[in-house]
Amino acid sequence: MSAVMVSKKVLRKWEKLPGKNTFCCDGRVMMARQKGVFYLTLFLIVGTCALFFAFECPYLAVHLSPAIPVFAIILFFFVMATLLRTSFSDPGVLPRALPDEATFIEMEIEAANGNVPAGQRPPPRIRNVQINNQIVKLKYCYTCKIFRPPRASHCGICDNCVERFDHHCPWVGNCVGKRNYRYFYLFTLSLSLLTIYIFTFDIVHVVLRSVDSGFVNTLKDTPGTVLEVVVCFFTLWSVVGLTGFHTYLVSLNQTTNEDIKGSWSGKNRVQNPYSHRNIMKNCCEVLCGPMHPSALDRRGELVELPLAPVPIPASKNNKENPQTTKATAPLISNEHTPDDVKSSIAPELEGGVEVMPSPLENKHPPSEPPTPPPAEPAETTVEPDGAF
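Everything quoted here is computed from the prediction, not taken from an experiment.

## Some points on the overall build of the protein
Helix and strand counts for the protein come out as nine helices and 11 strands. Here the protein holds 388 residues, and the buried ones make up 33% of them. Sequence separation of 24 or more characterises 65% of the internal contacts of the protein that already satisfy a separation of 6 or more. Carbon and sulfur atoms form 62% of the exposed surface of the protein, whose accessible area is close to 24,900 Å².

## A few points about the packing of aromatic side chains
Under the definition given, this model contains 14 aromatic pairs. Measuring from ring centre to ring centre gives 5.8 Å for Trp14 and Phe23, while their planes differ by 45°; the resulting arrangement is tilted. Take Trp14 and Phe23: they sit in the same class, and that class is buried. Ring centres 6.4 Å apart and planes at 85° place the aromatic pair Phe53 and Phe76 in the edge-to-face group. Of the two residues, Phe53 is situated in helix H1 (residues 36-63) and Phe76 in helix H2 (residues 67-88); the sequence distance between them amounts to 23 residues. Put simply, the rings of Phe52, Phe53, Phe71, Phe76, Phe77, Tyr197 and Phe201 touch in pairs and so form one group of aromatic residues. Across the ring face of Tyr181, the terminal group of Arg164 is positioned such that the distance to the ring centre comes to 5.4 Å. One residue, Arg209, lies across the ring of Tyr59, its end atom 4.7 Å from the ring centre.

## Observations concerning the pairing of strand S4 (residues 126-130)
Here five bridges tie S4 to strand S5 (residues 135-141), and the two strands are oriented antiparallel to one another. Bridge pairing links Arg127 to Leu138 in S5. Connecting S4 to the next strand, S5, in antiparallel fashion are four residues, including Asn132 with a positive phi near 55°.

## Observations regarding the sheet that holds strand S6 (residues 146-147)
Read from one edge to the other, the open sheet built from three strands follows the order S4-S5-S6, with strand pairing classed as antiparallel. The open sheet terminates on both sides in strands that have one partner only, identified here as S4 and S6. Across two bridges, the pairing between S5 and S6 is antiparallel. Each bridged residue has a counterpart across the sheet, and for Cys141 the counterpart in S6 is Ile146.

## A closer look at the confidence of the model for the protein
Summing up the model confidence of the protein, the mean pLDDT is 78 and the portion of residues at 70 or higher is 71%. Contacts of residues 316-337 to residues separated by more than four positions or lying in other chains number 20 contacts, the stretch itself having pLDDT below 50. Here residues 373-388 scores under 50 on pLDDT; set against residues more than four positions off or in separate chains, the count is seven contacts.

Rules and cut-offs
- Residues numbered from 1 in each chain as written.
- Predicted model: local features only at pLDDT ≥ 70, side-chain atom pairs only at ≥ 80, totals over all residues.
- Heavy atoms only, no water.
- Helix = DSSP H or I, 4+ residues; strand = E, 2+ residues; numbered from the N terminus.
- Buried < 20%, exposed > 50% of the residue type's maximum accessible area, 1.4 Å probe, protein only.
- Contact = heavy atoms within 4.5 Å.
- Areas by Shrake-Rupley, 256 points an atom, 1.4 Å probe, with all protein chains shown as cover.
- Phe/Tyr/Trp six-rings, centres within 6.5 Å; stacked < 30°, edge-to-face > 60°.
- Lys NZ or Arg CZ within 6 Å of the ring centre and 35° of its normal.
- Pairing = 2+ DSSP bridges.
- pLDDT = per-residue confidence, 0-100.

This is how it looks when you write it as structure tokens:
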């Protein structure tokens, strides 16, 4: 029997990560599964800027200044860079507990809660930690089997616990958390500037053309400008409003999730333990703080199992390879084998291999004398065992 070694494909950790995320470029790109609105965002930004560069920029560069299209191009690339950085990065997903860790945490919880009488609900799984002389509760996640760190929350769309969870944004196709919030804020801020910039110079373009051709003729000659004005008008209010809201949150060092739940402005009047009571310090911490590495190790290799040889039965017509086969079929004695040869066969069997007796051996009882061979003895063949 010959054996070959089968190589096994190396698996990356991102291929086995739980949750509802999609990965591209060998785990370098991480997004949510619902990406339809993200494609709409790309289409609106690229389409509006393409119309602006095609219809307004040639006229404005000649009649006003060539710096207008240059600044628009720089602003456009900055918007796209921050958008892709927000959409393709890990927002701060926390790894789930391993089975052993989950079992240990369950034992700790049962030991702390004690025996709960039948018919009564067990107490909530909460741990208290002190942050800036204030008690903060850590809630237990039944999906990830961990006590979530402060300000972390479980996203129901991506099915992951995200550190410093702000919200899930379908426009960028990803969660917004600790590791990509600053890029999200820069995206909304730069997009607001780009929208105001295009909307303003669209109006300037219409006014300059109306001086020579009239307002109605200008609208007929520049349908792309009219479309841009309509898109920018409806986009302006939502984007600028969103930027203003997040500017307010950054100044208070607060998240959207905390603001919606009223974590620091409820009836208890609990103060935000993460705020420095200074706008500049809060902005520096949120937008200029250190970038923490990802806790997932998406591109790490999984532990491989040892390779096992795969047996392949050798054909009867093919000779065995002497380099891979260490032993040949043992000799099996029959009634025509001399006694001295029979005694030398047994020591040659090694490795505890049991040799089945020949069907011709011990054919007669020991008390009876062996039957003499016939005049023309038939040739005795020994079929090779299936394992050799």
